[in-house]
Amino acid sequence: MSSLRLASQSLRANKALLNKSYNATRAYSSYEKTLKQRFAELIPEKAEQVKQIKKEYGKTVIGELTLEQAYGGMRGIKGLVWEGSVLDPEEGIRFRGRTIPEIQSELPKAEGGSEPIPEALFWLLLTGEVPTASQTKALSAEFAARAELPKHVEELIDRSPSNLHPMAQFSIAVTALESESQFAKAYAAGVNKKDYWNYTFEDSIDLLAKLPNIAARIYQNVFKDGKVPAINKDLDYGAQLATLLGYGNNPEFVELMRLYLTIHSDHEGGNVSAHTTHLVGSALSSPFLSFSAGLNGLAGPLHGRANQEVLEWLFKFKHDVKGDYSKETIEKYLWDTLNSGRVVPGYGHAVLRKTDPRYTAQREFALKHLPNDDLFKLVSTIYEVAPGVLTKHGKTKNPWPNVDSHSGVLLQYYGLTEASFYTVLFGVSRAFGVLPQLIIDRAVGMPIERPKSFSTEKYLELVKGLQNK
Ligand code: CMX
């Protein structure tokens, strides 16, 4: 096929995709842009910025590299580009320059609600701009319109044995959505690389739209009667997810979902789930394949699954100490955990050196809505004791709590007590953070990722050679 024919085919496909977006977002006021239109406008400027920074500063040395870092999980090595958020060790996360309290105050809220709407965060992460209330509403409508699952994905979830961990089921379902990938089809048809972002955008919206149905189907199958409520096209994302899980009639839980989805979304690019999604995406795998890879990383106990581990640790503690929540007992229990060669789940962080502001946001939610909850009180007392114990233990560089330390306590208060499901909720949220970057990667033409590795023998040769210089 001639390249001209391919180009005109790709142009036609592009127009069809943009029209699809227009149709699905009729709710926008006539003068307002859709997210896709606004992002399309921003691409030339962003691509130019990337081109210029590479041209002007491409050879500038931006860091040193020690052997310790190569053997230490690449901690602190600057080698990734991530536009949505930057993590400061002392201050915590900023989403496009905004702290969590700023996000909570600036992003549009649902009617009668006070927590930010995660759809608005998605818009912000992709464009750097805060959407209007009506733009946010239209994006909610677009997600609801695309929420149905293909039959084979429903069947795959339904056929999964209930003893298969919910995160494994989640990853399988997301992988199976590959059948719907517009990016994969366009690539196979020879689309021009300038249009990659367009199909990646469509797949990302489809993927996000379908996650509540996937998560709820897993939840209802494994823990309830297997019946998933129908999608309500009038609901925002958090309310939809709460409804499908069976908790939609509790406005506080709906608010919790909005907060939860917003704060768990993005934590710059180096964490395992974000980095994996980006890495797999750099091979031009579709958003479905890229994100399912990220989910497999999130499922690890040192990363997202720590939220499950925290609840299990707390329940075991409660069982073992039989009502004695004194600081002395907690301290002894923490030491028992450490002395048995395990980590204290929910504490420590690879980058943070202070209490995680995502922990603080959840603590504030608890103080507002469940100040007298037994488990919340226990978590609060642990917060008073654990940093001292971990500091005395002398290993962890950060003795303070992270996001996973608090999330389960809130969920269990509203009746969602099934801890092995918690990482699935984290996964739904993480999609809001990693997919914008995947779209940006394709828009600015980021290359396949391929750092250099050496064997230990080769490193020895390298360091000895450098020492002898
Ligand atoms: N309990 C006990 N030991 C801990 C610890 C904790 N909570 N956190 C760190 N350490 C230990 C490490 O295991 C390491 O020990 P070794 O030298 O024996 O290997 C040592 O302290 C130094 O680790 P570090 O540099 O402080 O931390 P890392 O960057 O290597 O790891 C993390 C970060 C989060 C994996 C680690 O703090 C941890 O295992 N925490 C508990 C699990 C957890 O809560 N994970 C969730 C993190 C947030 C998320 O991704 O969702």
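Keep in mind it's a predicted model, so treat the numbers as computed, not measured. For every chain, the first residue of its written sequence is number 1, and the numbers climb from 1 along that sequence. In keeping with the predicted nature of the model, local features appear solely for residues at pLDDT of at least 70, side-chain atom pairs appear and are counted solely at 80 or more, and the whole-chain, interface and lining totals rest on all residues. With hydrogens and water set aside, each side-chain value is computed from the structure's full complement of heavy atoms.

## Points about empty space enclosed by the protein
And step 1. Cavities and pockets are defined on a 1 Å grid built over the protein atoms alone: a cavity is a set of grid points where a 1.4 Å probe fits but cannot escape, while a pocket is an open set with protein on both sides within 12 Å along at least five of seven lines, and lining residues are those with an atom within 4 Å of any such point. Grid points are joined across faces, edges and corners, and a volume is the space filled by probe spheres set on the points. One pass over the structure, following the stated rule, counts three cavities of 30 Å³ or more.
And step 2. Lining the largest cavity are V310, W313, L314, V344, P345, Y347, V379, I382 and S405.
And step 3. A run of DSSP states H or I qualifies as a helix once it reaches four residues; a run of E qualifies as a strand once it reaches two. Both are numbered from the N-terminal end. With three residues, helix α15 (residues 306-321) is the largest single contributor of residues to the lining of the largest cavity.
And step 4. Classification convention: Asp, Glu, Lys, Arg as charged; Ala, Val, Leu, Ile, Met, Phe, Trp, Tyr, Cys, Pro as nonpolar; all other residues, Gly among them, as polar. Of the residues contributing to the lining of the largest cavity, the split by class is eight nonpolar, one polar and no charged.
And step 5. Size it by volume and the second largest cavity reaches roughly 60 Å³.
And step 6. The wall of the second largest cavity is formed by S140, F143, A144, A147, A209, P212, I231, L235, D236, Y237 and Q240.
And step 7. Counting only elements with at least two residues in the lining of the second largest cavity, the list comes to α6 (133-145), α10 (196-223) and α11 (237-245).
And step 8. In terms of residue count, the dominant contributor to the lining of the second largest cavity is α6 (three residues).
And step 9. The class makeup of the residues in the lining of the second largest cavity is eight nonpolar, two polar and one charged.

## Considering the site of the ligand
And step 1. Neighbouring the ligand are 21 residues; H303, G346, K395, K397 and D404 lie closest to it.
And step 2. For the purposes of these results, a polar contact is taken to be a pair of N or O atoms within 3.5 Å, where, inside protein, one atom must be able to donate a hydrogen and its partner to accept one; residues adjacent in sequence count only when each atom of the pair is a side-chain atom. Between the ligand and the protein, one listed contact pairs an oxygen atom with a backbone N or O atom of K397 at 2.7 Å.
And step 3. Per-residue and other accessible areas were derived by the Shrake-Rupley procedure at a 1.4 Å probe size, with only the shown protein chains allowed to occlude residues. Relative to its unbound accessible surface of 890 Å², the ligand loses 76% to contact with the protein.
And step 4. Classifying every residue of the shell around the ligand by side-chain character gives ten nonpolar, seven polar and four charged. Throughout, the term near means that a residue has one or more heavy atoms lying within 4 Å of the molecule or strand in question.

## Focus: the pairing of strand β1 (residues 85-88)
And step 1. Taking every second residue as pointing to the same face, the buried face of β1 carries S85 and L87, while none of V86 and D88 on the other face is buried.
And step 2. At least two bridges found by DSSP between two strands are what make those strands a pair. Between β1 and strand β2 (residues 92-95), which pair antiparallel and follow one another directly, the connecting turn spans three residues. Note on classification: 1.4 Å probe, protein chains only; a residue is buried when its accessible area is under 20% of the maximum for its type, exposed when over 50%, partly exposed between these limits.

## Considering the UniProt feature "active site" (unreviewed entry) in the chain
And step 1. UniProt positions are given in the numbering used here, feature names are shortened, and annotations may be inferred rather than shown by experiment. Cross-referencing UniProt, the feature "active site" (unreviewed entry) maps to H303, H349 and D404 in the present numbering. A compact arrangement is adopted by the annotated residues: their sequence extent is 102 residues, whereas the largest C-alpha distance between any two is 10.7 Å.
And step 2. Following the sequence through the fold, H303 ends up in the loop between α14 (287-298) and α15.
And step 3. Owing to a relative accessible area of 14%, H303 belongs among the buried residues under this scheme.
And step 4. Engagement of the side chain of H303 in a polar contact is seen with the side chain of S273, the distance being 2.9 Å.
And step 5. With respect to the helices, strands and loops of the structure, H349 is situated in the loop between α16 (327-339) and α17 (357-369).

## Quick look at the pairing of β2
And step 1. Here β1 pairs with β2 via four bridges, running antiparallel. Bridge pairing in β2 links V86 to R94.

## Topic: helix α2 (residues 35-57)
And step 1. In this model, α2 (23 residues) spans 31 Å end to end at C-alpha, consistent with the 33 Å of a helix rising 1.5 Å per residue.
And step 2. If you look at α2, its biggest bend is around 35 degrees, right at I43, and the proline P44 turns up within four residues after that.
And step 3. Looking at α2, one finds that the buried residues are L35, K36, Q37, F39, L42, I43 and V50. How far a helix is expected to stretch is found by multiplying one less than its residue total by 1.5 Å. Bend at a given residue is defined as the angle between two axes, one fitted to the seven residues that end at that position and one fitted to the seven that begin there.

## Notes on a nonpolar patch on the surface
And step 1. A cluster of nonpolar residues, L65, M74 and I77, forms a patch on the protein surface that exposes about 300 Å² of accessible area.
And step 2. Along the chain, the position of L65 falls in the loop between α2 and α3 (67-71). Note that patches include only residues with greater than 30% relative accessible area and no salt bridge, and the join distances are 9 Å for like charges and 5 Å for nonpolar side chains (Val, Leu, Ile, Met, Phe, Trp, Tyr). For this analysis, a salt bridge means a side-chain nitrogen from Lys or Arg found within 4 Å of a carboxyl oxygen belonging to Asp or Glu.

## Quick look at unusual backbone geometry
And step 1. A positive phi angle is found at R96, which is not glycine, with a value near 45 degrees.
And step 2. Take R96: it is sitting in the loop between β2 and α4 (100-106).
And step 3. What makes R96 partly exposed here is its relative accessible area of 23%.
And step 4. Even without a glycine there, the phi angle at E268 is positive, about 50 degrees.
And step 5. For E268, the location among the structural elements is in the loop between α12 (251-263) and α13 (272-281).
And step 6. What makes E268 partly exposed here is its relative accessible area of 22%.

## With respect to the environment of Y414
And step 1. By the element assignment, Y414 lies in the loop between α19 (404-413) and α20 (422-444).
And step 2. Look at Y414 and you get buried, because its relative accessible area is 10%.
And step 3. Linking Y414 and V86, residues 328 residues apart in sequence, is a C-alpha distance of 32 Å.
And step 4. Whether two residues touch is decided by their heavy atoms; if any such pair falls within 4.5 Å, the residues are in contact. Apart from residues lying up to four places away in sequence, Y414 is in contact with Y247, N250, E252, F253, L256, F365, H369 and L370.
And step 5. Here E252 takes part through its side chain, which lies 2.7 Å from a polar atom of the side chain of Y414.

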